[in-house]
Amino acid sequence: MRLIGYARVSTNAQDTDMQLRALRRAGVRTIVQEKGSSVGQRPELHRLLGRIEPGARIVVYKLDRVARSLKDLLGILERLEAAGAGFQSLTEPIDTATPAGRLMLQMLGAVAEFERSLIRERSVAGQVAALRRGVAWGRPRVLTEEQEAEAWALILLGWSQSEVARRYGISIGPVRRIMDIQMGRKRAKPMPVLGKYLQ
């Protein structure tokens, strides 16, 4: 199995010596080095992931040298799995070649899913509480309901979207929204067409 090390430091003031020594003690001879923040692009890592061969294994000193979050780590591991490659951290019990390492990955995946469900639950609870307080969601309306009904009537009479927008001094976006709703392309309660506008 070909071992490929990946070492990264966050600033130019740091160096990778400690990581390099640990990787070489683990038998890694090919090492990719990168200097840059974990929130940056990490071009060397992405180049490595793009050319990794089946049967190879990426080895890192610590997980925070390769990933900026649990979601990021799982994404990297998914790419390696799709390529038929493995992953190992020297200081954490993550090694896709061992049963214990694979179990740890499954646990991390479960934790990530639990975290996502909590975020969704908190988001929905926050929206419900806001609605109960009378907080309006989405962009504010630029036309009243009566103006929207009139605009729709004008469209039915043959006015173009641009002409309707100019009549009310608005952009064309709200006019398209009215058309989308009335034609069933957006979920909303269709407005009644006021007869007086069509007379």
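Refer to the structure presented above.
Values in this document were obtained by computation on a predicted structure and should not be read as measured data. (Residues numbered from 1 in each chain as written. Predicted model: local features only at pLDDT ≥ 70, side-chain atom pairs only at ≥ 80, totals over all residues. Heavy atoms only, no water.)

So, on to the packing of aromatic side chains. Summed over the entire model, instances satisfying the criterion amount to zero aromatic pairs. Stacked on the ring of Tyr-168, the Lys or Arg Arg-167 has its end atom at 5.8 Å from the ring centre. (Phe/Tyr/Trp six-rings, centres within 6.5 Å; stacked < 30°, edge-to-face > 60°. Lys NZ or Arg CZ within 6 Å of the ring centre and 35° of its normal.)

Moving on: the packing of helix 5 (residues 145-156) against helix 7 (residues 172-182). Axis separation between helix 5 and helix 7 bottoms out at 10 Å; the angle between their running directions is 80°. The angle between the axes of helix 5 and helix 7 places the two elements in the roughly perpendicular class. Note on element contacts: helix 7 touches helix 5 through Val-175, Arg-177, Ile-178, Met-179 and Gln-182, opposite Glu-148, Ala-151, Trp-152 and Ile-155. By residue class, the composition of the contact of helix 5 with helix 7 is six nonpolar, one polar and two charged. (Axes fitted to C-alpha atoms, helices over the stretch in contact; angles between N-to-C directions. Helix = DSSP H or I, 4+ residues; strand = E, 2+ residues; numbered from the N terminus. Parallel < 35°, antiparallel > 145°, perpendicular 65-115°, else oblique. Contact = heavy atoms within 4.5 Å. Nonpolar A, V, L, I, M, F, W, Y, C, P; charged D, E, K, R; others polar.)

At their nearest, the axes of helix 6 (residues 161-168) and helix 7 sit 9 Å apart, and the two run at 120° to each other. Classed by the angle they form, the pair helix 6 and helix 7 counts as oblique. In the packing of helix 6 onto helix 7, the handedness of the crossing is right-handed. Counting all contacts with helix 6, which are made through Gln-161, Ser-162, Val-164 and Ala-165, the residues of helix 7 involved are Ile-172, Val-175, Arg-176 and Met-179. Here the contact of helix 6 with helix 7 is composed, by residue class, of five nonpolar, two polar and one charged. (Left-handed = near helix turned anticlockwise from the far one by under 90°.)

Our focus in this paragraph is the side chain of Ser-89. Summarising the element assignment, Ser-89 is placed in strand 4 (residues 86-89). Exposure remark for Ser-89: the relative accessible area of 4% places this residue in the buried category. Here the side chain of Ser-89 touches Glu-92 through a polar contact of 2.4 Å, side chain to side chain. Residue contacts for Ser-89: discarding those within four places in its chain leaves Val-60, Tyr-61, Lys-62, Leu-63 and Ile-94. (Buried < 20%, exposed > 50% of the residue type's maximum accessible area, 1.4 Å probe, protein only. Polar contact = N/O pair within 3.5 Å; in protein donor to acceptor, adjacent residues only side chain to side chain.)

On to the pairing of strand 1 (residues 3-9). Two faces, one strand: in a regular strand the side chains alternate between the faces of the sheet. The buried count for strand 1 comes to six of seven residues, which makes it a mostly enclosed element. Pairing between strand 1 and strand 3 (residues 57-60): four bridges, direction parallel. Looking at strand 3, one finds that Tyr-6 is bridged to Val-60. Strand direction decides the pairing type here: strand 1 and strand 2 (residues 30-35), joined by six bridges, are parallel. Looking at strand 2, one finds that Val-9 is bridged to Lys-35. (Pairing = 2+ DSSP bridges.)

Moving on, we come to helix 2 (residues 43-51). When we look at burial in helix 2, the residues that qualify are Leu-45, Leu-48 and Leu-49. Summarising the axial view, the buried residues of helix 2 lie within an arc of 95°, below the 170-degree limit, and thus occupy one face. Summarising the geometry of helix 2, the exposed residues directed more than 90 degrees from the buried face are Gly-50 and Arg-51. As for helix 2, its buried residues are in contact with strand 1, strand 2, strand 3 and helix 3 (70-82). (Arc of directions from axis to C-beta.)

A word on helix 6. For an α-helix the count is 3.6 residues per turn, leaving residues at separations of three or four pointing the same way. What helix 6 keeps buried is the set Val-164, Ala-165 and Tyr-168. The buried residues of helix 6 occupy an angular sector of 100° when the element is viewed end-on, so they sit on one face. Those residues of helix 6 hidden inside the fold are in contact with helix 5 and helix 7. Directly beyond the C-terminal end of helix 6, a positive phi value near 65° is found at Gly-169.

All right, on to the nonpolar core then. Tyr-6, Ile-52, Ile-58, Val-66, Leu-80 and Phe-87 are the most contacted members of the largest nonpolar core, which totals 24 residues. Tallying contributions element by element places helix 3 first for this core, with five residues. Apart from residues no more than four positions distant in its own chain, Phe-87 is found in contact with Arg-57, Ile-58, Val-60, Leu-63, Val-66, Leu-73, Leu-77, Leu-80, Ile-94, Asp-95 and Thr-96. Counting residues in hydrophobic clusters, the runner-up holds twelve residues, among them Ala-151, Trp-152, Leu-154 and Val-164. (Core = buried A, V, L, I, M, F, W, Y, C linked by side-chain atoms within 4.5 Å.)

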